[in-house]
Amino acid sequence: MAVRRPRRGAAAVPRPPAGFSRQSCWLAARRTGAAVGRPASVLPLLLLLLVLAAGRAGVSAAGGPEVHSLRGSWRLANGNGSVVLRGEVPGCVHTALHRRGLIQDPYYRFNDVMYRWISLDNWTYSRTFRTPFDIGKWQKVNLVFEGVDTVAQILINNITLGRTDNMFNRYEVSWQQSVSWKDSCTYQISELEQGAPLKMQSFDITSVIKEISFVEVRFLSAVSYAAEQSRCHKAYSIPPACPPPVQKGECHANFIRKEQCSFSWDWGPSFPTQGIWKDVRIEAYNRYHLIYFSLTSFFAKSAEQWSLEIESVFDVVGSKPIEGLVTVNIPKLQTNQTFSVKLQPGEGSIVLHVNINKSSTVEAWWPNGHGKQTGYNMTTTFIMEAGYQIEKFSKAYFRTVELVQEPIPGSPGLSFYFRINGRPIFFKGSNWIPADSFQDKVTYDTLWLLLKSAADANMNALRVWGGGVYEQDEFYDICDEMGIMIWQDFMFACALYPTDQNYLESVRAEVSHQVKRLKSHPSIILWSGNNENEAAIASNWFSIPYADKEVYINDYVMLYVKNIREIVLTEDKSRPFIASSPTNGLKSVEEGWVSQNPYDTRYGDTHFYDYSSDCWNWTVYPKTRFASEYGFQSWPSFSTIEKISSTEDWSYTSNFSLHRQHHENGNDQMLQQIAYHFKLPQSTDPIKKFKDMIYLTQVMQAQCIKTETEFYRFSQSEIIKGEGHTMGALYWQLNDIWQAPSWASLEYGGKWKLLHYFAQNFFAPLLPVAYEDKGVLYIYGVSDLHENHKLTLRVVVHAWSSLEPVCTLAKDRVTVKAQSAVPIYKESVNDLLGRCRNCTRRSCVITFWLVGEGGLQSPTNQHFLSSLRDAEGLEKTQLSASVSQRDDIYVFVLHTTAVAPFVSLDVGSIKGRFSENGFLMTEKKKVVEFYPWELTSVEELEKSLTLTSLVDVV
């Protein structure tokens, strides 16, 4: 997502090609100890005795590490000590201030600007703790920070241990160092005794910890730091300097390794947080300690056998190697193997290759809608000489992924699609942004609800966008369980970036850490270097003089190819890597990694935004190989806006509405798109007018993205003028970061917009799709099913003025092919209407669906023959509903007195979702179910229910 397209606001710079703009340390040296599997009969007797002595473990033998969390309440103070309070860790300054009642909800009204002072101050977290173990027993004691946001000095007992400058890293530095602020541009490491090199992962506090210790984390304003880093980069500018004014954001986000959108985006506020945003703990150990543990699966076609690569990264204390045994046991796959290993001193890894018993049937992990997400319980036991036992319990998943880029018969260019376990999969889904500006508010339940909503809308893929954060472990765990494939960007977006040595070292540590942390997840299908930065250079978003372009291309290659790509290919051979999105894939590589036109529809993936053309006109959309970003804005529901606004804000043109819109001309663009097909609200009641406008923006967004997504789905099996074979549709965007107009289909808090209900249908595994071309109506049968089906296509024509069908058609034994899109119906619209009592385009509407044996049925789809603002015969309807309870579900029985387009059920702030919504109601009665996410009642639902259809907008 680029913050500078015709779609989300952005800098005043030249745009990409028409229709395509959208603006959405130190690497620890690996000393690998050989991990060699040997027959048990020749293992040293000592090691065999170790196995027997350790017995069954779940508990470590004596001598295991001590781990003590420092989560909880810390003292928090601003730079001059005028504000002192208690703050939770994990947490950040903003949430601490809010919880203590010192500020309002940061999302309330204009508080994103009012509370800018918080991010400009320097805050310090501190606490005293009692060491819960005998320090003298341990060779090494580390203070481990899983995430520090972002620039800070770490001190314990007034001794400076090191500094942090990367929100996405985990930290380690030798106690023999102290860090002082030399000047505003650099940090100076002043050497103490041995002066070991700075290592950014955990802080070794062995010689400075006491029975009672005092720890401080002194933060420097991320805004100030970024500005200074930019000022100190004197050789040449690194654009963009600042976000566009409409975003009310901070400058130089590209000079700090921090969540880029925290400085603002065209869908989000500026809240550059400070805080300890992940776990912090003390670890004490002797001899050796396991830091990372990961497993990836491979399938050898020649041997028809699955295998696992298990990598374990250890810290070995002392100067001598340590030998031992590692046993891997997967009971359900009858696989049990033991390896003798040797760990070298320092930090290094052992890599084990485990072949799965060929007599066992391995069930693969499949994406949502294509099979099960089978995982196997696995126990890995480490027993090292003169040490203790480590037992790791994990899930082993088996799946393969290939990114297929190969010639297509009858078309220039290359394909761009994914094969999972050898099967081509059409990617159906959206793009994920951070679920909150304050990451400590993102709970497991938050993630589960949003991801379950994605799966419930028939999505099988999400792209974790590169301007946010690498998500927490639970996010990927849930995706593993739900079968949601993840296109994982690295955290670079819509900007150019510096490549000085310090910056690259920090990035290399970040990438190494994140790949090691995440590569075990089968849900992660692809690593992608950045969001839109190839396009930014190729399309010259930042008005770089031609003579200077080579400097920025060299920086681009240095960062994404020679550093990030190099690390990814070393650390993870189980999934593909691309340098950017959009990209021309192999064509971009051939052109030196920056293609002349990264939006070429014949290669790679595309991002496409067009807010001026009529979104119902399918011919404006690119017949691309893979649509990884596209979208339209809407406003969230009134119940969502109401919580963070006041009465005077409830107008489409209020100061609040203008303030909340962070995309240049976004509110006007929505009006323009609505006006193509609907009448704008004219009510004299200002609040009704505002609610009507909210409703229309959601109808417009849903219908626009439906049209575009259906175009991509029916383009998957055909080539027209060299374009087509579209194999992915990921609209922008899934979720919201706050309560504001945006491209999201899920509002802040998880409420489904009408778009998300539409997605449930346009991503259905079986779907008929209609479009018109030169007066001819075509219907395609689109299927993600794995078998061909003989189905019946039912077509019904309704007059707007009657609930009785004008005419019906059944076309039997239509063949819909597996995992394809095929034409199944073709007729002149004039001929069709002529057979239906001389219906006209303005007086009638077409609905259609597919039915088969065994209850197989598609959603009902519709094709509008004219704009609904021109529809003839639409009558004011009386919509009513009765509510009853059945087990944990609530049943709404709707009644209408006339055909009702875009019927919306809304129960305000009661959390839950309907089985369907925003539908065309062509029958007197319809049953809709409501699935609550919290306790409610029939009475509460009846009281909160609002029914709206298009004819209610006046």
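Residues numbered from 1 in each chain as written. Predicted model: local features only at pLDDT ≥ 70, side-chain atom pairs only at ≥ 80, totals over all residues. Heavy atoms only, no water.

Caption draft 1: Representation of the state of the cysteines. Inspection of the entire model under this criterion finds 4 disulfides. Covalently, Cys615 is tied to Cys704 through a disulfide, its sulfur atoms 2.0 Å apart. With the S-S dihedral at roughly -75°, the linkage between Cys615 and Cys704 falls on the left-handed side. With Cys615 in the loop between strand E33 (606-608) and strand E34 (627-630) and Cys704 in helix H15 (residues 686-714), this pair connects stretches of sequence that are 89 residues apart. Grouping residues by exposure puts Cys615 and Cys704 together as buried. Here Cys839 connects covalently by a disulfide to Cys844, the sulfurs 1.7 Å from one another. One quick way to see it: the torsion about the S-S bond of Cys839 and Cys844 is about -60°, and its sign makes the bridge left-handed. For the residue pair Cys839 and Cys844, the accessibility class agrees, reading buried in each case. In this model Cys92 remains outside any disulfide bridge; the closest cysteine sulfur is found in Cys261, 13 Å from its own. On the basis of relative accessibility, which here comes to 5%, the residue Cys92 falls in the buried class. Considering cysteine sulfurs only, Cys494 is the nearest to Cys261, which forms no disulfide, with 11 Å between them. (Disulfide = S-S within 2.5 Å. Helix = DSSP H or I, 4+ residues; strand = E, 2+ residues; numbered from the N terminus. Buried < 20%, exposed > 50% of the residue type's maximum accessible area, 1.4 Å probe, protein only.)

Caption draft 2: A look at the sheet that holds strand E12 (residues 212-220). Taken together, the 6 strands give an open sheet; going across it, the order is E4-E3-E5-E12-E7-E8, and neighbouring strands pair in antiparallel fashion. Every other strand in the sheet has two partners, leaving strand E4 (84-89) and strand E8 (159-164) as the edge strands with one partner each. Direction aside, neighbouring strands of the sheet carry axes that sit 25° apart on average. Here 6 bridges tie strand E7 (residues 151-156) to E12, and the two strands are oriented antiparallel to one another. Its bridge partner lying in E12, Ile154 is registered against Val217. (Pairing = 2+ DSSP bridges. Axes fitted to C-alpha atoms, helices over the stretch in contact; angles between N-to-C directions.)

Caption draft 3: Representation of the packing of helix H6 (residues 444-456) against helix H7 (residues 473-482) within the structure. In contact at an axis separation of 10 Å, H6 and H7 are set at 30° when each is read in the N-to-C sense. For the crossing formed where H6 meets H7, the hand is right-handed. Judged by residue contacts, Tyr444, Leu447, Trp448, Leu451, Lys452 and Ala455 of H6 engage Glu474, Phe475, Ile478, Cys479, Glu481 and Met482 from H7. Classifying every residue of the contact of H6 with H7 by side-chain character gives 9 nonpolar, no polar and 3 charged. (Left-handed = near helix turned anticlockwise from the far one by under 90°. Contact = heavy atoms within 4.5 Å. Nonpolar A, V, L, I, M, F, W, Y, C, P; charged D, E, K, R; others polar.)

Caption draft 4: Region of interest: the environment of Ala303. Residue placement: Ala303 occurs in the loop between strand E16 (288-300) and strand E17 (305-316). Considering only alpha carbons, one finds Ala303 and Lys358, 55 residues apart in sequence, at a separation of 9.3 Å.

Caption draft 5: Summary view of the packing of H15 against helix H16 (residues 754-762). Running from amino to carboxyl end, H15 crosses H16 at an angle of 25°, the nearest separation of the two axes being 8 Å. Viewed along their axes, H15 and H16 adopt a mutual orientation that is roughly parallel. Taken as a pair, H15 and H16 cross one another with a handedness that is right-handed. Within the contact between the two elements, H15 uses Gln698, Val699, Gln701, Ala702, Gln703, Ile705, Lys706, Thr709, Glu710 and Arg713 and H16 uses Leu754, Leu755, Phe758 and Phe762. (Parallel < 35°, antiparallel > 145°, perpendicular 65-115°, else oblique.)

Caption draft 6: Here's a closer look at the pattern of salt bridges. Summed over all chains, the structure comprises 41 salt bridges. Between Asp489 and Arg463 there is a salt bridge, with the nearest N and O atoms lying 2.9 Å from each other. With a gap of 26 residues between them, Asp489 in strand E30 (residues 485-489) and Arg463 in strand E29 (residues 461-464) connect regions that are remote in the sequence. By relative accessible area, which is 0% here, Asp489 ends up buried. Looking at Arg463, the relative accessible area reads 0%, which means it is buried. As a salt-bridge pair, Asp692 and Lys688 come within 3.0 Å of each other at their nearest N and O atoms. Taken together, the residues Asp692 and Lys688, both in helix H15 and 4 residues apart, mark about one turn of the helix. (Salt bridge = Lys/Arg side-chain N within 4 Å of Asp/Glu carboxyl O.)

Caption draft 7: Region of interest: the sheet that holds strand E20 (residues 346-355). Spatial ordering of the open sheet is given by E16-E17-E20, a layout of 3 strands whose pairing is antiparallel. The two strands at the open ends of the sheet, each matched to only one other strand, are E16 and E20. If you compare each strand with its neighbour and ignore which way they point, the axes differ by 15° on average. Pairing of E17 with E20, which is carried by 10 bridges, proceeds in the antiparallel orientation. What sits directly across from Ile310, in E20, is Leu352.

Caption draft 8: Highlighting the packing of aromatic side chains. A full pass over the atoms with the stated rule returns 67 aromatic pairs. Both rings, one in Tyr288 and one in Tyr388, keep their centres 4.8 Å apart while their planes meet at 10°; by these two values the pair is stacked. Of the two residues, Tyr288 is situated in strand E16 and Tyr388 in the loop between strand E21 (376-384) and strand E22 (389-396); the sequence distance between them amounts to 100 residues. Comparing Tyr288 with Tyr388, the two get one shared label, buried. Members of the aromatic cluster, each reached through a chain of ring pairs, are Phe608, Trp618, Tyr621, Tyr630, Phe711, Tyr712, Phe714, Tyr771, Tyr778 and Tyr780. Of note, Arg660 hangs over the ring of Trp738, and the distance from its end group to the ring centre comes to 3.8 Å. (Phe/Tyr/Trp six-rings, centres within 6.5 Å; stacked < 30°, edge-to-face > 60°. Lys NZ or Arg CZ within 6 Å of the ring centre and 35° of its normal.)

Caption draft 9: Focus on a negative patch on the surface. Negative charge collects at one region of the surface, where Glu934, Glu939, Glu940 and Glu942 lie side by side. One can find Glu934 in the loop between strand E50 (925-932) and helix H18 (938-944). (Patch = residues over 30% accessible without salt bridge, like charges linked within 9 Å, V, L, I, M, F, W, Y side chains within 5 Å. Areas by Shrake-Rupley, 256 points an atom, 1.4 Å probe, with all protein chains shown as cover. Lys, Arg positive; Asp, Glu negative; His and termini not counted. Charge placed at Lys NZ, Arg CZ, Asp CG, Glu CD.)

Caption draft 10: Structural view of the pairing of strand E47 (residues 900-906). Taken across its 7 residues, E47 has 6 buried, putting it largely inside the fold. Two elements, E47 and strand E49 (residues 919-921), share 2 bridges in a ladder whose sense is antiparallel. Among the inter-strand pairings, Val903 is bridged to a residue of E49, identified as Phe919. The sheet contact formed by E47 and strand E51 (residues 946-948) spans 3 bridges and is antiparallel. What sits directly across from Asp906, in E51, is Thr946.

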